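Structural description and commentary
Chain residues, written in single-letter form:
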Amino acid sequence: MSTGTEQLQLGFNRLELSHAQWLSQARTHAKHLSATQTGGRVTSDDLRRAADQGLIQHPHHRNAWGAVFREGIHKSGFWKRMGTTSSTLPSNHDRKIGVWVWCVPDGQYIVEVT
């Protein structure tokens, strides 16, 4: 029997395969937002607004939003969860969402996207 955490990781692994191109696009935009927004903080609300504005595509599955900020080391850095905030999108019914900052491998917050 799998734990909830194991099931979550399996789901993220499947999303990494099935939404690889979209995740790459969304992560690039999230890194850009982290480099340009005050405090470097970015949320899934920011990405959903970007998709609504046509800056990035919407994912094929709604669960893909959470995979953008998947914790762990990526090729050029990692996402660090700074806390939570209430979603400002009406469709999320004030639920808590993560607040993330993109960090370079030495743990410093990123200052520019290359």
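Just so it is clear, the structure is predicted and the values come from calculations on it, not from any experiment.

Here the focus is unusual backbone geometry. Most peptide bonds take the trans form, and the phi angle of most residues other than glycine is negative. For H93, which is not glycine, the phi dihedral falls at a positive 50°. Since its relative accessible area comes to 68%, H93 is described here as exposed. A positive phi angle, near 65°, is found at D94, a position not held by glycine. Among the structural elements, D94 can be located in the loop between strand 1 (78-86) and strand 2 (96-103).

Looking now at the pattern of salt bridges. In total, this model carries one salt bridge according to the counting rule given. Among the salt bridges present, the one from D46 reaches R49, with a minimum N-O distance of 3.1 Å. One end of the pair, D46, and the other, R49, are both in helix 3 (residues 44-52), three residues apart, so they sit about a helical turn from each other. On the basis of relative accessibility, which here comes to 33%, the residue R49 falls in the partly exposed class.

Turning our eyes to something else, we now look at the packing of aromatic side chains. Given two aromatic rings, one states the distance between the centres and the angle between the planes to describe the pair. For the coordinates displayed, the defined rule picks out four aromatic pairs. With centroids separated by 5.2 Å and ring planes inclined at 85°, the aromatic side chains of W22 and W65 adopt a geometry described as edge-to-face. With W22 in helix 2 (residues 20-36) and W65 in helix 4 (residues 64-67), the pair connects residues that are 43 residues apart, well separated along the chain. Seen in terms of ring centroids, F69 and W79 are 5.0 Å apart; in terms of plane orientation they differ by 85°. Their pairing is edge-to-face. Taken together, the positions of F69 in the loop between helix 4 and strand 1 and W79 in strand 1 put the pair ten residues apart, joining distant regions of the chain. Pairwise contacts between aromatic rings join F69, W79, W100 and W102 into one cluster. Sitting over the ring of W102, K31 keeps its end group 4.4 Å from the ring centre.

Tracing the backbone shows T88 in the loop between strand 1 and strand 2. Along the primary structure T88 and D46 are separated by 42 residues, whereas in three dimensions their C-alpha atoms are 9.7 Å apart. Dropping the residues within four chain positions of it, T88 is found in contact with D45 and R49. A polar contact is formed between the side chain of T88 and the side chain of R49, at a distance of 3.1 Å.

Helix-helix packing is described using two parameters, namely the angle between the two axes and the distance between the axes. One way to put it is that helix 2 packs onto helix 3 with a least axis distance of 10 Å and a crossing angle of 115°. When the axis of helix 2 is compared with that of helix 3, the two are roughly perpendicular. With respect to the hand of their crossing, helix 2 and helix 3 are arranged in right-handed fashion. Counting all contacts with helix 2, which are made through A26, H29, A30 and L33, the residues of helix 3 involved are D46, L47 and A50. Class assignment of the residues belonging to the contact of helix 2 with helix 3 gives a composition of five nonpolar, one polar and one charged.

Quick look at helix 3 now. The buried fraction of helix 3 amounts to seven of the nine residues, a majority that puts the element mostly inside the structure. Of the positions making up helix 3, those classed as buried are S44, D45, D46, L47, R48, A50 and A51. Elements that come into contact with the buried residues of helix 3 comprise helix 2, helix 4 and strand 2. The backbone nitrogen of D45 has a side-chain oxygen 3.2 Å away, supplied by the residue at the start of helix 3, namely T43. G54 lies just past helix 3 and shows a positive phi near 80°.

Rules of the game
Residues numbered from 1 in each chain as written. Predicted model: local features only at pLDDT ≥ 70, side-chain atom pairs only at ≥ 80, totals over all residues. Heavy atoms only, no water. Buried < 20%, exposed > 50% of the residue type's maximum accessible area, 1.4 Å probe, protein only. Helix = DSSP H or I, 4+ residues; strand = E, 2+ residues; numbered from the N terminus. Salt bridge = Lys/Arg side-chain N within 4 Å of Asp/Glu carboxyl O. Phe/Tyr/Trp six-rings, centres within 6.5 Å; stacked < 30°, edge-to-face > 60°. Lys NZ or Arg CZ within 6 Å of the ring centre and 35° of its normal. Contact = heavy atoms within 4.5 Å. Polar contact = N/O pair within 3.5 Å; in protein donor to acceptor, adjacent residues only side chain to side chain. Axes fitted to C-alpha atoms, helices over the stretch in contact; angles between N-to-C directions. Parallel < 35°, antiparallel > 145°, perpendicular 65-115°, else oblique. Left-handed = near helix turned anticlockwise from the far one by under 90°. Nonpolar A, V, L, I, M, F, W, Y, C, P; charged D, E, K, R; others polar.

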